[in-house]
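# Structural features, examined
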Amino acid sequence: MTPAQDPRLVRELADVVGADHVLVDDDVTAGYRTDWTGRFTSPSSVVARPGETAEVAAVVDLCRASGVALVAQGGNTGLVGGGIPTQGEVVLSLRRLAGAHEVDGASGQVVVGAGTTIGAVHALAAEAGWAYGVDLASRDSATVGGTIATNAGGLRVLRYGDTRAQVMGVETVLGDGHTVTALTGLYRNNTGYHLPSLLCGSEGTLGVVTAARLRLVPRLRHRVTALLAFDTIDAALAAAALLRRAVVGLEAVELFLQAGLELVCSAGSLPRPFPDPHVAYLLVETAGQIEDRGELAAALESVPGIADAAVATDPARGRALWRYRETHTEAIGTVGTPHKLDLALPLPQLAPFLDRLPSLLAELAAGAQAWVFGHVADGNLHVNVTGVAPDDESIDDAVFRLVAELGGSVSAEHGIGTAKRRWVGLSRTEAELDPFRAIKRALDPAGILNPHALLPPATP
Ligand SMILES: Cc1cc2nc3c(=O)[nH]c(=O)nc-3n(C[C@H](O)[C@H](O)[C@H](O)COP(=O)(O)OP(=O)(O)OC[C@H]3O[C@@H](n4cnc5c(N)ncnc54)[C@H](O)[C@@H]3O)c2cc1C
């Protein structure tokens, strides 16, 4: 029996959230105990599903009083094991805290519950004549709370920034049990520390997010989507750099390679986009308020090395082109349980990294296969490695060390979770980690919020 399964705690949790919302049976809790990739799992746990902020605060209080840790969970689409109760923690599912509290069409802001999915935020924004700046392939399951906790990036960071750039206010239950409601809609409020920023990327270690005020962005009606083929990776990377400089309306520049394209076509029964195979592909999208194919067309004329291209100006064809990129994660899951290495590199180091990766993998594991794609215009690559046992971390270690050598980061957008905790030191110095630990102690003195994620223990 894990500490979370103590019958007294289970009874007390039921008193707070209602017996129907405390899940104990293994077959019912299974979906909360295993992550999206299947790599991170826990044998058993208890799930509490509060329906309002006061219940969240009461659950945090109960866990603190009982000395039992808890792991907040939203859509469970996280890819670094951060939302999984790996050491028998209580799972605090925020999914019932879904829906709009306020839609302010005049200011371009929404206040939503933490369990609202990103897809639902897009729908709310569209109804009010706006759009939401963060978009990712997991939009129909990933929640506002989870995207704040991981500071999710996604497909439009290039234009709108990551989640941190969208969050104007939060309501949160801190680890010490206090609820802080800071949901004002001031675009300017220069009065000291910024709690929403602190919670972005905190991975459920400082507070449980229960609601957020999000800024919206103009809804751009005209999109041009292009899939470009290249016969060398260098040509694709040079094109990404050129487009970034030349196209004001650029929203997305996504890279993938021939092996990934083959896989998504066979796993998703998609037609091949071009008659001949090529080495690398860029999925590029521009958006504007007036129809303007000219900007991208003119830029593409000056891009050397385009071996083939497909351009879409209607939404259905645009969505069809996006499928070649967006179904990568799903398709890779059909090959095996991947090691998902989400990396950031300085733009000039993308080519040297991609050059050195194959020989590095071949040296370590003959059967390893790398599937590489990513938000390349902002230096974010997703290296997914299959053919390696889920608990064999030698590949992760070697790839992260190469990334550090090239001046990159071991996480661009997925966070650290439990998966990358041992490598945080490659991207953060002890001098940086010490204040992180001090903040953790101040906001979660009992250390009950997601204690096994993100922060590594201090070196003695
Ligand atoms: C197909 C696919 C595509 C993806 N694409 C992208 C992408 O392009 N960009 C990107 O950044 N990520 C991407 N992801 C990863 C994932 O969707 C994001 O990390 C997302 O932000 C997780 O949200 P969630 O609600 O599912 O959080 P969960 O997985 O439930 O939790 C993630 C972390 O947040 C914490 N947490 C969750 N809710 C709260 C809360 N209310 N308060 C405090 N802490 C909380 C958890 O403890 C955990 O540490 C993708 C995932 C999939 C499966």
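Higher on the page you've got the structure.
A brief look at the structure comes next. Worth saying up front: this structure is predicted, and the values here are computed from it rather than measured. (Residues numbered from 1 in each chain as written. Predicted model: local features only at pLDDT ≥ 70, side-chain atom pairs only at ≥ 80, totals over all residues. Heavy atoms only, no water.)

### Notes on the pattern of salt bridges
- Going through the model one piece at a time under the given rule, you end up with 21 salt bridges.
- Here Arg-272 ties to Glu-262 by a salt bridge, and the two come within 3.1 Å at their closest N and O atoms. Here the residue Arg-272 occupies a position in the loop between α9 (258–267) and β14 (280–288), and Glu-262 occupies one in helix α9, the gap between them amounting to 10 residues.
- On the accessibility criterion, Glu-262 (32% relative accessible area) is partly exposed.
- As a salt-bridge pair, Arg-428 and Glu-432 come within 2.9 Å of each other at their nearest N and O atoms.
- Of the residues examined, Arg-428 reaches a relative accessible area of 36% and is grouped as partly exposed.
- Look at Glu-432 and you get partly exposed, because its relative accessible area is 29%.
- Through salt bridges with shared partners, a single ionic network connects Arg-156, Arg-159, Arg-223, Glu-251 and Glu-285. (Salt bridge = Lys/Arg side-chain N within 4 Å of Asp/Glu carboxyl O. Helix = DSSP H or I, 4+ residues; strand = E, 2+ residues; numbered from the N terminus. Buried < 20%, exposed > 50% of the residue type's maximum accessible area, 1.4 Å probe, protein only.)

### Some details on the site of the ligand
- Taken together, the neighbourhood of the ligand is formed by 36 residues, with Ala-72, Thr-77, Gly-78, Ser-138 and Thr-143 sitting nearest.
- A distance of 2.9 Å separates a nitrogen atom of the ligand from a polar backbone atom of Val-209.
- Considering the ligand on its own, with 970 Å² of exposed area, one finds that the protein chains cover 96% of that surface.
- When contributions to the shell around the ligand are tallied by element, the ones reaching two or more residues are β3 (70–73), α5 (144–150) and β10 (207–215).
- Looking at the shell around the ligand element by element, the count peaks at five residues for α5.
- Along the lines of polarity and charge, the residues of the shell around the ligand split into 12 nonpolar, 22 polar and two charged. (Near = heavy atom within 4 Å. Polar contact = N/O pair within 3.5 Å; in protein donor to acceptor, adjacent residues only side chain to side chain. Areas by Shrake-Rupley, 256 points an atom, 1.4 Å probe, with all protein chains shown as cover. Nonpolar A, V, L, I, M, F, W, Y, C, P; charged D, E, K, R; others polar.)

### Side note on helix α1 (residues 7–17)
- Taken residue by residue, α1 has Leu-9, Val-10, Leu-13 and Val-17 as its buried positions. End-on view of α1: buried residues confined to an arc of 100 degrees, all on one side of the axis. Among the exposed residues of α1, those oriented more than 90 degrees off its buried face are Arg-8, Arg-11 and Asp-15.
- For α1, the secondary structure elements touched by its buried residues are β1 (22–23), β2 (47–48), α3 (53–66) and β4 (90–93). (Arc of directions from axis to C-beta. Contact = heavy atoms within 4.5 Å.)

### A look at the packing of α1 against α3
- In contact at an axis separation of 9 Å, α1 and α3 are set at 165 degrees when each is read in the N-to-C sense. What the angle tells us is that α1 and α3 run roughly antiparallel. As α1 runs across α3, the sense of the crossing is right-handed. The residues of α3 that touch α1, namely those facing Leu-9, Glu-12, Leu-13, Val-16 and Val-17, are Glu-55, Ala-58, Val-59, Leu-62 and Ser-66.
- In terms of residue class, the contact of α1 with α3 is built from seven nonpolar, one polar and two charged. (Axes fitted to C-alpha atoms, helices over the stretch in contact; angles between N-to-C directions. Parallel < 35°, antiparallel > 145°, perpendicular 65-115°, else oblique. Left-handed = near helix turned anticlockwise from the far one by under 90°.)

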